[in-house]
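Understanding the architecture of this molecule
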Amino acid sequence: MSASYESVTDNDVLREQAKQLKTTAVLTITDLTEEEHERLDDKTVVEYLSANNLGWMIPLKNGDVLFNNANKGAMYKSLIKLNMILRSVNRGKKAVPRPAAASVIEFLSGSTESQESGKAAKRKKRSANLKLENEDTRTPVQRRLDTLVAAAREKGVTDIHIETDVHANRAVIKFRIDSDLISQTSGFLVWKEAEAREMATMIIDHEAQTGTGSAKLSFDENKPIDGSFEVTVDGVKTKLRYSHQPQSSPRGLSIVMRLVTGDDEGKIPTFKDLHYEPDEIALLKRAFRFPHGIVLFTGPTGSGKSSAMAAGVGTLPQTLKVMSYEDPVEADMPNVVQVQVGSQKETSFAGYARTALRQDPDVIIYGEIRDEEVAEYSGHQANTGHLVISTLHTNSAPEAIPRLADLGFDWNQLGGPSLVRAITAQRLVRKLCQHCAVPLSSIGEEGWSNEDLYRVKDYFAEHYGERADDILTVNRSPDNRCTHCGGAGEKGRLPIAEIILLDEEGRRHIKSQDLDGWVRYLKEQGWESMTDKAIRRILRGEVCPVSVEKSLETPFGIRADKFNYSEFREKVVKIQQERRQKTLNVQRTLTQQGA
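Residues numbered from 1 in each chain as written. Predicted model: local features only at pLDDT ≥ 70, side-chain atom pairs only at ≥ 80, totals over all residues. Heavy atoms only, no water.

**Things to note about the packing of aromatic side chains**
- Enumeration according to the criterion identifies nine aromatic pairs in this entry.
- With 5.8 Å between their ring centres and 20° between their planes, Tyr-325 and Tyr-366 make a pair best called stacked. Residue Tyr-325 is found in strand E11 (residues 322-326), and its partner Tyr-366 is found in strand E13 (residues 363-366); the two are separated by 41 residues along the sequence. We note that Tyr-325, like Tyr-366, is buried.
- Here the aromatic rings of Tyr-459 and Phe-556 are separated by 5.6 Å at their centres, their planes lie at 35°, and the arrangement is tilted. You can see Tyr-459 sitting in helix H14 (residues 451-464) and its partner Phe-556 sitting in the loop between helix H18 (545-551) and helix H19 (565-594), a full 97 residues away along the chain.
- The class of Phe-556 is buried, set by a relative accessible area of 2%. (Phe/Tyr/Trp six-rings, centres within 6.5 Å; stacked < 30°, edge-to-face > 60°. Helix = DSSP H or I, 4+ residues; strand = E, 2+ residues; numbered from the N terminus. Buried < 20%, exposed > 50% of the residue type's maximum accessible area, 1.4 Å probe, protein only.)

What follows is the structure, encoded as structure tokens:
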């Protein structure tokens, strides 16, 4: 690179450059379509770039010029000169400059070389393409993996799904973003079946067999294989958990890679980082200060239980010995001895539970209390001066008590003064993009409303009056081009949590198995359920009511205790009539304006 080159590593700077140039930034290779990421290989252009040491510029066949340079003077000067050359090459067509991430420039810089070597590789055995020449060289298939992981990290992806179809010779790549599984149509992510199989082979036979990899078998497309491995992209190490299973219809592979860690510093998030409310943070910190007893986190898979537990562990004093038994071990937790639970008897949750006290722990963490044996040992450990932290699968915090009873606990034991200390149940709800969200009260003035939006609008207007004016909803307009959320209308997730710290009165209700009375007592003390917490966030315009309904079993405007079909039908008919009338009014107004 020349002395006038200054690399741009901040995406916000790239967005600002794009805004000044009235264009769009390319933050990952997946932002380009298949046609867009073809480099212009004109001899005159290539010679000019080489002679002037302009490796930070990539002209494309479609007329775009990607660049990465913070030096404005050098950037504009070089773009003007290059544009003059491109006009002659592209028959007068003006070049469109687009700021791009350094990783995109690097990937495209190597694309020509990899294309040439790819032609020769077809005449060799497939394994030749998987072999590393040396530790500093990444093969084309490894670079494809690196770019895939970089794109996933940039988009906030939790899981990468690759599903292949042998007969159609294609592979579909999907990203799970904020709980939704989204198919990727970018040119780089449009693969053939053989490319996906080639990557699976490389991951299992190389990445997962070296360094910190954990695969115990060689790749066999006809057998399920699990493992983990790490890749380093742009200096950031990312740990991935890999699973592949053969599928019968369509015939091929189902590959899932979970991005376990990828934080630039690999740090454990705090409760504040996870966006809990201030009062919730105070309650959660109090729960982790108990010297002994059981602290539980409940909810379905993907509700953020593990992250919440990790944040809580981060509040523990470093003078405590903390043992954590997990399946699998995900994020590394400082000052914690983390043990991978296996399928053998001695390495199962129950196997480790039997011998955990030999490690002289102060705090014991179980990824999940799955069976009666683990439950029994947990109760014994909690009653002998240890703090036990674990998860259960229940729909609410109060339901954790009967679930523990199903696992063998006696009701009198559950109501004891030193067993269950705190219970947190939670869900994750998608966070509204504050840059493009629209008022719920305006629903009906556009052409994309639906019955659910009308229903929740009527419900909140009836029950909350003027406070409902502050409620926002997702901008579902097909013309939404918000650059902050990519037009999705939502970005990120917020926890909706209900937290119970058990007291003497609550334990009396538990001993008498009066759960309804317990919940009434909690309400009298100001306790808020997940529904109450969700409405709090809805009224502040943080989450969309319809998105809340997807996560909580709380349909607003529909009675859950006694469903009235006639009333429901009448509401649907009324909503449809209102929509038709508003559409007619808009058409009438347009006709009058035209006249």
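**What to know about the nonpolar core**
- Within the largest apolar cluster, 66 residues are counted, with the highest numbers of intra-cluster contacts made by Tyr-325, Tyr-366, Leu-414, Ile-423, Phe-460 and Trp-518.
- Beyond its immediate chain neighbours, meaning those up to four positions away, Tyr-325 contacts Val-339, Val-341, Phe-349, Tyr-352, Ala-356, Gln-359, Ile-364, Ile-365, Tyr-366 and Gly-367.
- Residues Val-8, Ile-162, Ala-196 and Ile-204 belong to the second largest nonpolar core, which totals 49 residues. (Core = buried A, V, L, I, M, F, W, Y, C linked by side-chain atoms within 4.5 Å. Contact = heavy atoms within 4.5 Å.)

**Quick look at helix H15 (residues 504-511)**
- When we look at burial in H15, the residues that qualify are Gly-506, Arg-507, His-509 and Ile-510. Take H15 and look down its axis: the buried residues cluster within an arc of 155°, on one side only.
- Buried residues along H15 sit in contact with helix H12 (400-406), helix H13 (411-414), strand E15 (420-432) and helix H16 (515-524).
- Gln-513, located one to two residues past H15, shows a positive phi value of around 60°. (Arc of directions from axis to C-beta.)

**Thoughts on the packing of H15 against H16**
- The interhelical angle for the contact between H15 and H16, taken along N-to-C directions, is 165°, at an axis separation of 8 Å. The orientation of H15 with respect to H16, classified from their angle, is roughly antiparallel. In terms of crossing hand, the pair formed by H15 and H16 is right-handed. On H16, the residues touching Glu-505, Gly-506, His-509 and Ile-510 of H15 are Gly-517, Trp-518 and Tyr-521.
- A per-class count over the contact of H15 with H16 returns three nonpolar, three polar and one charged. (Axes fitted to C-alpha atoms, helices over the stretch in contact; angles between N-to-C directions. Parallel < 35°, antiparallel > 145°, perpendicular 65-115°, else oblique. Left-handed = near helix turned anticlockwise from the far one by under 90°. Nonpolar A, V, L, I, M, F, W, Y, C, P; charged D, E, K, R; others polar.)

**Considering the state of the cysteines**
- Counted according to the given criterion, the structure contains zero disulfides.
- Lacking any disulfide linkage, Cys-433 is separated from the closest cysteine sulfur, that of Cys-482, by 3.7 Å.
- Here Cys-433 falls in the buried class, since its relative accessible area comes to 5%.
- Left unpaired, Cys-436 is separated from the closest cysteine sulfur, that of Cys-485, by 3.7 Å.
- Judged by its relative accessible area of 9%, Cys-436 falls in the buried class. (Disulfide = S-S within 2.5 Å.)

**Considerations on the sheet that holds E15**
- One open sheet holds the seven strands; their spatial order is E12-E11-E13-E14-E10-E15-E18, and the pairing between them is mixed. Only two strands of the sheet have a single partner each, and these edge strands are strand E12 (336-340) and strand E18 (490-501). Each adjacent strand pair in this sheet contributes to an overall mean axis angle of 20°, direction not counted.
- As judged from the six bridges shared by strand E10 (residues 293-298) and strand E14 (residues 387-392), these two strands associate in the parallel manner. Paired with Thr-298 across the strands is Leu-392, a residue of E14.
- Across the sheet, helix H8 (residues 278-287) lies against E10, E15 and E18, angled at about 55° from E18, the strand it touches most.
- Where helix H17 (residues 530-539) meets the sheet, it contacts E15 and E18, and its direction lies at approximately 140° from that of E18. (Pairing = 2+ DSSP bridges.)

**Brief notes about the packing of helix H6 (residues 140-154) against helix H7 (residues 193-205)**
- H7 packs onto H6 with a crossing angle of 95° between their chain directions and a minimal axis gap of 10 Å. The angle between the axes of H6 and H7 places the two elements in the roughly perpendicular class. Touching Val-141, Gln-142, Arg-144, Leu-145 and Leu-148 of H6 are Glu-195, Glu-198, Met-199, Met-202 and Ile-203, all from H7.
- Residues of the contact of H6 with H7, tallied by class, amount to six nonpolar, one polar and three charged.

**Focus on the side chain of Ser-303**
- Within the secondary structure, Ser-303 is located in the loop between E10 and helix H9 (305-313).
- Only 2.7 Å separates the side chain of Ser-303 from the backbone oxygen of Pro-300, close enough to count as a polar contact. (Polar contact = N/O pair within 3.5 Å; in protein donor to acceptor, adjacent residues only side chain to side chain.)

**Quick notes on the sheet that holds strand E1 (residues 57-59)**
- Strands sit in the order E1-E2-E3 across an open sheet of three strands; the sheet is mixed. Among the strands making up the open sheet, the edge pair consists of E1 and strand E3 (96-99). Taking each pair of neighbouring strands and ignoring which way they run, the sheet shows an average axis angle of 25°.

**Comments concerning the pairing of strand E5 (residues 170-177)**
- Relative to E5, strand E4 (residues 159-165) runs antiparallel, the two being bridged by seven bridges. Counterpart to Asp-159 in the pairing with E5 is Arg-176.
- The hairpin turn running from E4 into E5, its antiparallel successor, is four residues long, and Asn-169 in that turn takes a positive phi close to 55°.
- As judged from the four bridges shared by E5 and strand E6 (residues 180-183), these two strands associate in the antiparallel manner. Following the sheet pairing, Lys-174 is matched in E6 by Ser-183.

**Quick notes on a nonpolar patch on the surface**
- Taken together, the side chains of Tyr-76, Ile-80 and Met-84 define a hydrophobic patch exposed on the protein surface, amounting to about 330 Å² of accessible area.
- Along the chain, Ile-80 falls in helix H3 (residues 72-89). (Patch = residues over 30% accessible without salt bridge, like charges linked within 9 Å, V, L, I, M, F, W, Y side chains within 5 Å. Areas by Shrake-Rupley, 256 points an atom, 1.4 Å probe, with all protein chains shown as cover. Salt bridge = Lys/Arg side-chain N within 4 Å of Asp/Glu carboxyl O.)

**Quick word on H14**
- For H14, with 14 residues, the first-to-last C-alpha span of 20 Å sits near the 20 Å given by 1.5 Å per residue.
- Residues of H14 that are buried: Leu-453, Tyr-454, Arg-455, Val-456, Tyr-459 and Phe-460.
- The first or second residue beyond H14 is Gly-465, which carries a positive phi of 55°. (Expected span 1.5 Å × (residues − 1).)

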